[in-house]
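# Chain and residue survey
Listed below, chain by chain, are the residues.
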Amino acid sequence: MPDRRSFLRSSLSVAVLGGSLPAAFARAASAQALPALGRSIDPANVLVVIALSGGNDGLNTIVPWSDDAYHRARPVIRIPDSAVLKLNARIGFNPALAGLGELYAQGHVAVVQGVGYPDPNRSHFEATQIWETASPQRPLGTGWLGRALDRMYPAGTKPPSLFEAVALGDTLPAALVAAHVDVAAIGGLNGYAYNTVKDVKTQAGVLYDGARPGGSPYLGMIAETARQAYHGGDELRARISGYTPAVTYPTDGFARQLRLAAQLIGSDAGTRIIFVSLGSFDTHANQRAQQDRLLKYLGDGLLAFFNDLAAHGLDKRVLALTFSEFGRRVNQNASNGTDHGTAMPLFAVGGGVSGGIYGEHPSLTDLDDGDLKFGTDFRSVYATVLERWLGRNSTDILAGTFAALPIV
Amino acid sequence: MALISLDTSTDPQVGYRPSGTLDAESALAPYAGHFGVRQAAHLLRRAGFGGSAADVARTAGLGASAAVDSFVHPAAPELPFEAYPPREVLYAVKGGQARTGTELWWLDRMLRTQHPLAEKMTLFWHGHFATSIAKVPPALMARQIDLFRAQGLGNFHALLAAVSVDPAMSVWLDNRSNSKAHPNENYAREVMELFALGLGEYTESDVKEAARAFTGWAYDSHTMSVSFDPRRHDDGVKTFLGHSGNFGLTDVVNIIVAQPVHQRFLARKLLEYFVYSDPEPALTEAVAQTYALCGCDIAITVGTILRSNVFYSARAYRALPKSPIEFAVGLLRYVGATSVPPGLPDALRRMGQEPLAPPSVKGWDGGPAWINTTTLLARFNFVNALVATSRPAAGAIPAAALSGAPNVAPDAIVSAAGGLDPARIVDAIVTSALQDDVTGDVRATLVAFLRSGGDAAMTVNPMPFGPENYQEKIRGALALTFNLPVNQLN
């Protein structure tokens, strides 16, 4: 019998915040929006949103290790008790999340359990739209972060930097689609540039810089955007050249993106919102190997990222938030994987985070057609980030009032 | 939780109406003015996907009326295009390849079709009835595209009825799950909001009642077909948009199409696609009347627009941004490419318009939403990889994609210009590619480019324009021309 008391080092202190007081947090999650905290919000705060795309299995991420129903539902793909990095007498991290465990032990990780929304959608495409546009009922053309940007910079005004919001990837995620703020999608430093032979590039600059607006209402806008696009890559490289990472990052693609995120944050690029993706978590078959590999990228990448930021004195103004379009079903399937499900935990990580466990772990026996019931609406998490981290009123952005959580 | 209204119906193109005043009286009267290369190129870009300089000259030679006829009633037979690859073939390859393969199948048709207006309308209806390969199997997407091609210039009433039982749509908006026991309102709502009437033109009760009428159309994934199952149909009395009866799917479609607001809804959308952004209400009303008088005949309505004074007015000329597909396919048609580069779907995704994959049920916003720094860089780098050099970077679309592309062959351009004179070569390029729609500054900059020292990596420093570097230099000048802001306008 493994020692069910061998919790992570800081478990006693966080137990006060979380595990031992679930009722208090259930109350907080359903309460009115918290009154102003009497603290100012740093206008330099940065939000890093991490999409775990494909639908991350929550039960093998935050493992309800002492629940027999968990072991019964997953005879092959369960994480054995002895391997779980225990947070308290009920739950613990998948061991692949050891890096995240270190940050948790420092008190910099909030685990929000059982996040979802009513009438959950199990299509990757539609569920992703729902999470990223924050609109379960109706499709929207703009994302929740895009709408925040539109309100920070109303029509006719522009962010001071072209890199105010950046998607690390070669297309814009729905979350960052704004009505009028231009968001850069940067697949890589080399790709984000006007790429051609030198003499062509030089003369293209002459053409774009010398363009004069014409009669068509579109021509002036296109000429100005072309000029920005042309110079954007060089400007980006110049701005981030002064930042030297203080740690060695892992070599996977996700860690490379986080390294670029740290460069953006640590230089004068003026970046406030960053979107990164990691996947695919769509583990219909042979789940353990695939999910564990990805969770290790997540945990180790975030550890390197925050160690780097801390060495530069930046970790307190960076908040990383994970999400996934859905969790997975409770029972493993016949291929030692799991199929599309519902609620899942998400992580908020950073020097400004009140570490601990928020919300109740969903019951594995009180199910909705074999699926977990959600306890916290994902828009409460968004409201928290908008109100308490970015200093925005969330009601119009989310088309409703959702109670903030005390995670930051 | 108090839901507040989040306005998502705002037309993003408001503010992009051309300056000047509409002459509403004569706007839709047939155009009788000069029909030269500018008017011909305008027609080719709007009613199709552009063309080569030779296509422009040939179209100009027809005169306005016969030129429009050649689009609306093409005399030339269509090429013998391969039927969509059978399911077994597509599923023998990996999932992503089935998606890309289906997209290439359609893009090839856009490139080589002899009936460009039918294909342009197919793209219009794909954006209008926006269905995505992200949820729907590729074979069903292909069948839906075939439906738009077959009926896209027919009668809207028949098209809407066909779309309502189309397998791809049945999967996409869940009407396959709509039964008497478990009504699903998804299709009932969108058919009114997005396809025919617009937000605010119906009540929530209308949505519920229409959903009841739409019950019973089951999708069979083995036969990949939709059929009516009376056991799943709600055959009670419904009250819908002021009418009551034991309505089924056809009745609801009939009632929707008869709404006067539908005529304006579709008229405005056609004007924004073919003429300019944010059309005046008087112009929308005039097109709506034409559409109503001909009983929802799409070919007559679109033909009226393409023949009209307002279509050839200065206010409509280069007044719309090219969509990524218009930009990329137009470029390939201009240069005379005979096949689609395999990397085109990925390039289009970066430009913001992967065919068969609209971002949501609302389709692509279009207009100003096509233009941002990321999507423009994707356009520019697509061009640069295609034509700027004969030595493209690793991973770029190889210039070999343009083998058999006579109109970017430097020797052909030198021959058209009558020699290696930089000014005459620039003349030849901007006249052929842009109907001379460039300022003197741009022309001078392109001439200066041809005269400047070459790329250090390829020449022995500074080398005046001449026999040793004209190939690379002309390719560069072409790329600079294609990447001009004015060439982003349709």
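Residues numbered from 1 in each chain as written. Chains lettered and ligands numbered in written order. Predicted model: local features only at pLDDT ≥ 70, side-chain atom pairs only at ≥ 80, totals over all residues.

### Observations regarding the overall build of chain B
Here is the rule we go by: Helical segments are the DSSP runs of H or I of at least four residues, strand segments are the runs of E of at least two, and each set is numbered from the N terminus. A residue is called partly exposed when the number of other C-beta atoms within 10 Å of its own lies between 12 and 20, exposed at 12 or fewer, and buried at 20 or more, with C-beta atoms placed from the backbone. Here the contact rule is simple: place C-beta atoms from the backbone, and any two residues whose C-beta atoms are within 7 Å are in contact.
Secondary structure summary: chain B contains 23 helices and 4 strands in total. A buried classification covers 53% of the 490 residues belonging to chain B. Excluding contacts between residues fewer than 6 apart, the proportion of contacts in chain B whose partners are at least 24 apart in sequence is 71%.

### Considerations on the confidence of the model for chain B
Residues and elements named next belong to chain B. Put simply, the test is: What pLDDT conveys is the predictor's confidence in a given residue, as a value from 0 to 100.
The pLDDT averaged across chain B works out to 90; a share of 89% of its residues lies at or above 70. The model gives residues 1–11 a pLDDT under 50, and that stretch makes 16 contacts with residues more than four places away or in other chains. Confidence over residues 392–400 falls short of pLDDT 50; this stretch has 10 contacts with residues more than four positions distant or in other chains. Interface predicted TM-score (ipTM) for the complex: 0.92; the corresponding pTM is 0.88.

### Quick notes on the domain arrangement of chain B
Stated precisely, the cut-off is as follows: A domain assignment, automatic or from a database, supplies the domain bounds used here.
What the domain assignment lists for chain B is domain 1 (155–276 + 278–317) and domain 2 (324–488). Its C-alpha centre places domain 1 of chain B at a distance of 40 Å from the equivalent point of domain 2 of chain B.

### Quick word on the interface of chain B and chain A
What counts here: Classification convention: Asp, Glu, Lys, Arg as charged; Ala, Val, Leu, Ile, Met, Phe, Trp, Tyr, Cys, Pro as nonpolar; all other residues, Gly among them, as polar.
Counting from both sides, the interface comprises 54 residues of chain B and, opposite them, 49 residues of chain A. Listing elements by their share of the side of chain B that touches chain A, those giving two or more residues are α18 (344–351), α19 (373–388), α22 (440–451) and α23 (470–482) of chain B. A breakdown of the residues in the side of chain B that touches chain A according to their chemical character gives 29 nonpolar, 17 polar and 8 charged.

### Examining the pairing of strand β9 (residues 318–323) of chain A
Residues and elements named next belong to chain A. We apply this condition: The rule for pairing is simple: two strands pair if DSSP sees at least two bridges between them.
Of all 6 residues that make up β9, 6 are buried, and the element is covered over most of its length. A two-sided burial pattern is seen for β9, the buried positions comprising Val318, Ala320 and Thr322 on one face and Leu319, Leu321 and Phe323 on the other. Here strand β1 (residues 46–53) runs beside β9; their pairing, made up of 6 bridges, is parallel. When the bridges of β9 are listed, Ala51 appears paired with Phe323. Examined bridge by bridge, β9 and strand β10 (residues 344–349) share 2 bridges and lie antiparallel to one another. Across the sheet, residue Leu321 finds its bridge partner in β10, namely Ala348.

### A short note on the sheet that holds strand β3 (residues 85–86) of chain A
The sheet built from 3 strands is open, its strands ordered β2-β4-β3 (chain A) with antiparallel pairing. Whereas interior strands pair on both sides, the edge strands pair on one side only; in this sheet they are β2 (62–63) and β3 of chain A.

### Things to note about unusual backbone geometry
Put simply, Gly279(A) and Ser280(A) share a cis peptide bond, and its omega is 10°. Tracing the backbone through its elements, the reader meets Ser280(A) in the loop between β8 (273–279) and α10 (287–311). Positioned with a positive phi, Asp119(A) is a non-glycine residue whose angle comes to about 50°. The phi angle at Gln435(B) is positive, at roughly 50°, despite the residue not being glycine. Looking at the element boundaries, Gln435(B) is found in the loop between α21 (422–434) and α22.

### A short note on the packing of helix α7 (residues 198–209) of chain A against helix α8 (residues 217–240) of chain A
All names here are of chain A. The condition that has to hold: Axis definition: a line fit to C-alpha positions, over the contact stretch in the case of helices; interaxial angles, taken between N-to-C directions, run 0 to 180 degrees. In a left-handed crossing the near helix is turned counterclockwise from the far helix by less than a right angle, and in a right-handed crossing that turn is clockwise.
Put simply, α7 and α8 touch, their axes get as near as 9 Å, and they point 145° apart. Here α7 and α8 pass one another in a crossing that is left-handed. On the side of α7, the interface is formed by Ala204, Gly205, Tyr208 and Asp209, while α8 contributes Ala226, Arg227 and Tyr230. Looking at the contact of α7 with α8, its residues break down into 4 nonpolar, 1 polar and 2 charged.

### Observations regarding α7(A)
Each α-helix winds once per 3.6 residues, and so residues spaced three or four apart point in a common direction. Put simply, the test is: Here the expected span of a helix is defined as 1.5 Å times the quantity of residues minus one.
Helix length check: α7(A) (12 residues) gives 17 Å between terminal C-alpha atoms against 16 Å at 1.5 Å per residue, within 8%. Among the residues making up α7(A), those that are buried are Asp199(A), Val200(A), Lys201(A), Gln203(A), Ala204(A), Leu207(A) and Tyr208(A).

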